[in-house]
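Summary of structural features
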Amino acid sequence: MSSIIQLLPDHVANQIAAGEVVQRPASVVKELLENAVDAKATDIKLIIKDAGKSLVQVIDNGLGMSVTDSRLCFERHATSKIRHAEDLFSIHTKGFRGEALASIAAIAHVEMKTKQDQEELGTHIIIEGSKFVSQEPAVLPKGTSFSIKNLFFNIPARRNFLKSETVEQRHIVDEFQRVALAHPNIHFTMYHNGSEMFNLPISNFRQRIVTIFSGKTNEKLVPVKEETEIVNLHGFIGKPEFSKKNRGEQFFFVNNRFIKSGYLHHAVMAAYEGLLKDGAQPSYFLYLDVPPHTIDINIHPTKTEIKFDDEHALYAILRSAIKHSLGQFNVAPVLDFDRDPSLDTPYQYQNKKADYPTIQVDSNFNPFSEDRPNKSFSFSSNYKKPEAQPSWESLYVGLKQAGQEIAEMTFENESVTSSLFDETDVEQEVKRTYQIHKKYIVSPIKSGMVIINQKRAHERVLYEEFLTSMTVNQASSQQLLFPLELYFSSNEIKLITELQLPLENLGFIFDEIKDDFILVSGLPVTISESKASIVLDDLLTDLQNGIPDSSFSQNDTIAKSMAKSLAVRTGTYLTEKEQENLVHNLFACREPNMSPFQKPTFITMSVEDLDKKFSL
């Protein structure tokens with residue numbers, strides 16, 4: 001039998017590796033930004049077009065590469081970060097696998113320009129699908145510029161797999177923020193379709209967080225700091241009252257590398273126990289510095305998963321440090337029943353010295369002086385003495401006589417009550433709906449009964465109402481006595497600006513939309529003032545995550561998200577009138593059978609089906 005195993009060509013092997021390394025345009029952004037950081041750049045620019053599908057360009061002022069290195073960097077397992085296997089246990093750089101550039105070059109058109117500081121000329125290389133098209137010297141500034149065009153041009157299935165531009169842009173912004181938050185000593189700039197999205201000058205950690213997530217973030221940050229032999233922990237956590245329903249502002253950095261850890265996240269949530277509302281997520285930006293030999297980064301190509309030598313100790317240190325910060329800055333409540341809060345010294349008066357009260361004395365005052373003012377009063381001639389009012393006994397004059405007259409009156413002995421209809425003929429009102437476990441509504445029908453899922457039914461009703469408001473006629477709006485001031489990040493503000501017209505058709509009225517907050521003076525009738533920020537947060541999260549995937553248009557996505565946020569929850573008690581109203585509205589919809597997310601809203605059970613359940 002002939003041999004059938006053979007070595008794969010390099011371009012095929014690179015495409016296979018690209019499936020792990022490059023999942024979407026955000027993966028390219030991450031790899032190029034980390035390479036720029038490893039090159040000791042102090043100024044990094046990220047330029048994006050069409051959410052990375054047309055262009056991803058990263059320009060840095062780092063060390064640059066020689067002619068040989070510029071050609072060799074696109075080979076598989078070629079890297080300047082490590083030399084020996086032992087180096088994997090003392091990694092101080094972002095990259096070390098030597099797969100990123102080879103994988104990117106296999107599935108895109110790559111143009112690289114690089115120059116070292118001491119060289120007169122740089123190198124200009126063009127690659128298309130792992131094939132070198134040209135390499136020639138060029139006059140270039142110091143540093144490196146990577147331009148990745150037409151991503152997945154030779155893998156159409158992967159290109160079709162990409163989500164909408166809004167979703168892909170959010171993933172790119174996430175990767176950009178993760179690198180920028182870890183390195184405040186580098187100036188980062190990001191442009192998307194020609195407009196500047198971020199301009200982050202060199203600063204400290206707190207300023208970098210505030211610059212990315214709007215100025216309102218500064219007042220909700222609580223510093224955390226702990227130094228031990230195992231880990232040096234520093235960073236910031238958010239105050240409990242500023243918690244959100246999504247996890248958009250939760251960051252762990254280990255040795256300036258962004259990681260994801262459900263175990264460490266549980267430690268943070270344990271520290272906030274009793275301070276958060278149900279389902280709320282706190283913000284945190286935590287930096288852990290650990291010895292490199294105590295962690296293993298080489299687990300996954302994305303390098304966001306890390307194994308620790310002593311996870312239990314890290315858990316305990318992290319939880320206690322956050323609890324200490326929450327208590328130190330008076331965020332956590334103090335349970336002292338003997339303490340009178342009214343006697344607490346205000347913060348601004350704690351170090352202030354007490355001022356003695358000033359006493360003023362009238363030296364000319366003489367209590368024995370005869371020139372005192374005369375306090376006697378004289379009545380004028382026009383004054384008339386009020387007439388004497390009748391005494392209270394006059395109110396009861398003649399009452400006894402009236403009582404005697406009433407006693408002499410006679411009444412019929414039997415009371416006569418009549419009715420137009422006989423009581424037996426009056427049909428009692430029959431209850432038409434029943435709520436079961438605060439989740440289902442049961443209503444009898446001619447053939448049996450219908451069982452309705454109250455949450456899905458309400459979602460369908462609201463969904464069609466919102467779609468009608470945005471497409472057919474504008475919904476009514478309720479004016480607020482005091483406008484709401486809602487704070488969002490700069491990326492979320494841009495998204496709200498794009499959605500302003502459909503939101504106004506729903507009933508929102510925006511007085512102002514600034515760089516980090518919006519002023520809302522009117523809300524749809526179905527939304528209460530307390531739910532406004534929650535509904536908008538959920539809407540932005542759903543739009544950025546591409547949920548639901550089956551949406552046909554932006555209006556459809558907004559209607560689905562709003563319906564999901566405002567629908568009556570499972571476990572909510574409904575009165576009989578509310579149950580009947582929900583049932584009538586559901587069957588008045590165009591498609592009452594399915595919720596907006598293609599799940600059944602009700603089932604029917606006939607009498608025959610019930611008979612079969614009881615049959616032996």
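First, a word on what this report is: a plain description of the structure on this page. If you're wondering where the values come from, they're calculated on a predicted model, not measured in any experiment.

Turning next to the overall build of the protein chain. In terms of regular secondary structure, the protein chain is built from 17 helices and 22 strands. For the protein chain, buried positions account for 41% of its 616 residues. Within the protein chain, contacts between residues separated by at least 24 positions form 68% of all contacts whose residues are at least 6 apart in sequence. About 37900 Å² of surface is accessible on the protein chain, with carbon and sulfur atoms providing 52% of the total.

Here the focus is the layout of surface pockets. A probe matching the size of a water molecule, rolled over the atoms, marks out where space remains unfilled. Here the largest pocket is characterised by a volume of approximately 1200 Å³. Together, 44 residues line the largest pocket, and Arg170, Asp174, Arg178, Phe258 and Lys260 are the ones closest to its centre. No other element matches helix H6 (residues 165–182), which puts eight residues into the lining of the largest pocket. Split by residue class, the lining of the largest pocket holds 11 nonpolar, 18 polar and 15 charged.

Let us look at the pattern of salt bridges. Enumeration according to the criterion identifies 15 salt bridges in this entry. Two residues, Glu249 and Lys220, come together in a salt bridge whose shortest N-O distance is 3.5 Å. Here Lys220 lies in the loop between helix H7 (205–212) and strand E9 (221–227) and Glu249 lies in the loop between strand E10 (232–238) and strand E11 (250–254), a separation of 29 residues in the sequence. Lys220 sits in the buried class, given a relative accessible area of 9%. The salt bridge partner of Glu459 is Lys455, with a shortest N-O separation of 2.7 Å. Here Lys455 and Glu459 lie together in helix H11 (residues 454–471), a separation of four residues that amounts to about one turn. Assessed through its relative accessible area of 4%, Glu459 is described here as buried.

Below, the discussion takes up the packing of helix H2 (residues 25–38) against H6. Packed helices, taken two at a time, are described by the angle between their axes plus the distance between the axes. The N-to-C vectors of H2 and H6 enclose an angle of 20°; their axes lie 8 Å apart at closest approach. Comparing the axis directions of H2 and H6 gives the class roughly parallel. Regarding H2 and H6, the two cross each other, and that crossing is right-handed. Residues Pro25, Ala26, Val29, Lys30, Leu33 and Val37 of H2 touch H6, and the partners they reach there are Glu168, His171, Ile172, Glu175, Phe176 and Val179. Grouping the amino acids of the contact of H2 with H6 by side-chain chemistry returns eight nonpolar, one polar and three charged.

In the Ramachandran plot, Asn255 falls in the positive-phi region, its phi being about 50° despite a non-glycine side chain. Mapped onto the secondary structure, Asn255 falls in the loop between E11 and strand E12 (257–259). Owing to a relative accessible area of 28%, Asn255 belongs among the partly exposed residues under this scheme. The phi torsion at Lys438 lies on the positive side, around 55°, for a residue other than glycine. On the secondary structure map, Lys438 appears in the loop between strand E16 (434–436) and strand E17 (440–445).

Scoring rules and cut-offs
- Residues numbered from 1 in each chain as written.
- Predicted model: local features only at pLDDT ≥ 70, side-chain atom pairs only at ≥ 80, totals over all residues.
- Heavy atoms only, no water.
- Helix = DSSP H or I, 4+ residues; strand = E, 2+ residues; numbered from the N terminus.
- Buried < 20%, exposed > 50% of the residue type's maximum accessible area, 1.4 Å probe, protein only.
- Contact = heavy atoms within 4.5 Å.
- Areas by Shrake-Rupley, 256 points an atom, 1.4 Å probe, with all protein chains shown as cover.
- 1 Å grid on protein atoms, 1.4 Å probe; cavity = no way out; pocket = protein on both sides within 12 Å on 5 of 7 lines; lining within 4 Å.
- Points joined across faces, edges and corners; volume = space filled by probe spheres on them.
- Nonpolar A, V, L, I, M, F, W, Y, C, P; charged D, E, K, R; others polar.
- Salt bridge = Lys/Arg side-chain N within 4 Å of Asp/Glu carboxyl O.
- Axes fitted to C-alpha atoms, helices over the stretch in contact; angles between N-to-C directions.
- Parallel < 35°, antiparallel > 145°, perpendicular 65-115°, else oblique.
- Left-handed = near helix turned anticlockwise from the far one by under 90°.

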